[in-house]
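Each chain, letter by letter, is given below.
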Amino acid sequence: MIDNENTWDKLLQIKTTGRDASNADQYRYPYEPTPYSVLERLSNSSLICKKDVVLDYGCGKGRVDFFLSYQTKANTIGIEYDERIYQSALENLKTVVSRAKSEFVLMRAEEYEVPGAVNRCYFFNPFSVEILRKVMARIIESYYEKPREMFLFFYYPSEEYISYLMTVDELEFYDEIACSDLFGENDLRERIMIFLLS
């Protein structure tokens, strides 16, 4: 697994490995990058392509954004609240091979107004359900202002996330991408749950 992580970072000319919990609290969770093997599954799903704009919540150092831009040619926007980690994303933006397709915003997720061009959203448990509720309100508001097909991807979703998402009237469970086989474990959370906003 480590070899794959370093190989992709080297290929993309970025530095995104490692975990950072320095500014984490009960509402905003530690930085931990999505494994590249999971991102490979997502990019091979054909649910993200060149015409799409992906909004990555809790983007950290930008791994999801850079990888999806490189693999699918989609445009990406990363939202990060931690200024130090955000600076790491900007440093990566200077060296990455696909920099023209990614941008980053330093802001709390619940305060970010979702642009009308965004039609894909990605989450790897970046924050609590309390914040997720506010973020979903922003996403739904954007959807009603400009109706469009929107897919929301939740990697390694918690029970709290799933319970909440199943109560959102505008969301419809669409599919899931199994990932537990990638890690040789039988962890039911190792999946990407996909919801359609309609």
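Shown above is the structure to which this text applies.
The numbering scheme is per chain: residues are counted from 1 as the chain's sequence reads. With pLDDT at 70 or above as the cut-off, local features in this predicted model cover only qualifying residues; side-chain atom pairs require 80 or more to be listed or tallied, and sums for whole chains, interfaces and linings still use all residues. Side-chain numbers here rest on the full set of heavy atoms in the structure, without hydrogens or water.

## Concerning the packing of aromatic side chains
- Put simply, two rings from Phe, Tyr or Trp (the six-membered ring, in Trp's case) pair if the centres are within 6.5 Å, and we call them stacked under 30 degrees between planes, edge-to-face over 60, tilted for the rest. Inspection of the entire model under this criterion finds 17 aromatic pairs.
- Relative to Tyr70, the ring of Trp8 has its centre 6.2 Å away and its plane inclined at 80°; by these criteria the two rings are edge-to-face. Within this pair, whereas Trp8 is found in helix H1 (residues 2–12), its partner Tyr70 is found in helix H3 (residues 63–72), the two being separated by 62 residues in sequence.
- Accessibility expressed as a relative area gives 27% for Tyr70, which makes it partly exposed.
- One aromatic cluster is present, formed by Tyr57, Phe123, Phe127, Phe154, Tyr161, Phe173 and Phe195 through successive ring pairs. The numbering of helices and of strands both runs from the N terminus, where a helix is a DSSP run of H or I of at least 4 residues and a strand a run of E of at least 2. Working definition: with a 1.4 Å probe on protein chains only, accessible area under 20% of the residue-type maximum means buried, over 50% means exposed, and in between means partly exposed.

## Looking at the layout of surface pockets
- Cavity and pocket criteria rest on a 1 Å grid covering protein atoms alone: a 1.4 Å probe that fits but cannot get out defines a cavity, protein on both sides within 12 Å along at least 5 of 7 lines defines an open pocket, and an atom within 4 Å of a point defines a lining residue. Grid points are joined across faces, edges and corners, and a volume is the space filled by probe spheres set on the points. Its volume calculated, the largest pocket comes out at about 810 Å³.
- Together, 46 residues line the largest pocket, and Pro30, Tyr31, Glu32, Pro33 and Phe124 are the ones closest to its centre.
- Contributions of two or more residues to the lining of the largest pocket are made by H1, strand E1 (53–57), H3 and strand E2 (75–80).
- Sorting elements by how many residues they give to the lining of the largest pocket places H1 first, with 3 residues.
- Here the nonpolar group is Ala, Val, Leu, Ile, Met, Phe, Trp, Tyr, Cys and Pro; Asp, Glu, Lys and Arg are the charged ones; every other residue, Gly included, is treated as polar. Residue composition of the lining of the largest pocket, grouped by class: 24 nonpolar, 9 polar and 13 charged.

## A look at the sheet that holds strand E6 (residues 171–178)
- Between any two strands, at least two bridges found by DSSP are needed for them to pair. Reading across from one edge, E3-E2-E1-E4-E5-E7-E6 is the order of the 7 strands in this open sheet, with mixed pairing throughout. Strands at the two margins of the open sheet, each flanked by one partner only, are strand E3 (102–106) and E6. The sheet shows a mean angle of 20° between the axes of neighbouring strands, taken without regard to direction.
- Relative to strand E4 (residues 120–123), E1 is paired through 4 bridges, and the arrangement is parallel. Of the residues in E4, the one forming a bridge with Tyr57 is Phe123. Angles run from 0 to 180 degrees between N-to-C directions of axes, and those axes are lines fitted to C-alpha atoms, restricted for helices to the stretch in contact.

## Points about unusual backbone geometry
- With phi around 65°, Ser46 is a residue other than glycine that occupies positive phi space.
- Along the chain, Ser46 turns up in the loop between helix H2 (36–43) and E1.
- By relative accessible area, which is 62% here, Ser46 ends up exposed.

## Looking at the pairing of strand E7 (residues 191–197)
- Across the 7 residues of E7, 7 count as buried, placing the element largely inside the fold.
- Every second residue of E7 is oriented toward a common face, with Arg191, Met193, Phe195 and Leu197 on one face and Ile192, Ile194 and Leu196 on the other, all of them buried.
- Here strand E5 (residues 150–155) pairs with E7 via 6 bridges, running antiparallel. Counted as the bridge partner of Phe153 is Ile194 from E7.
- Summarising the sheet, E6 and E7 pair through 7 bridges and their orientation is antiparallel. Paired with Ile177 across the bridge in E7 is Ile192.

In short, the description is geometric, and any link to function would need to be established separately.
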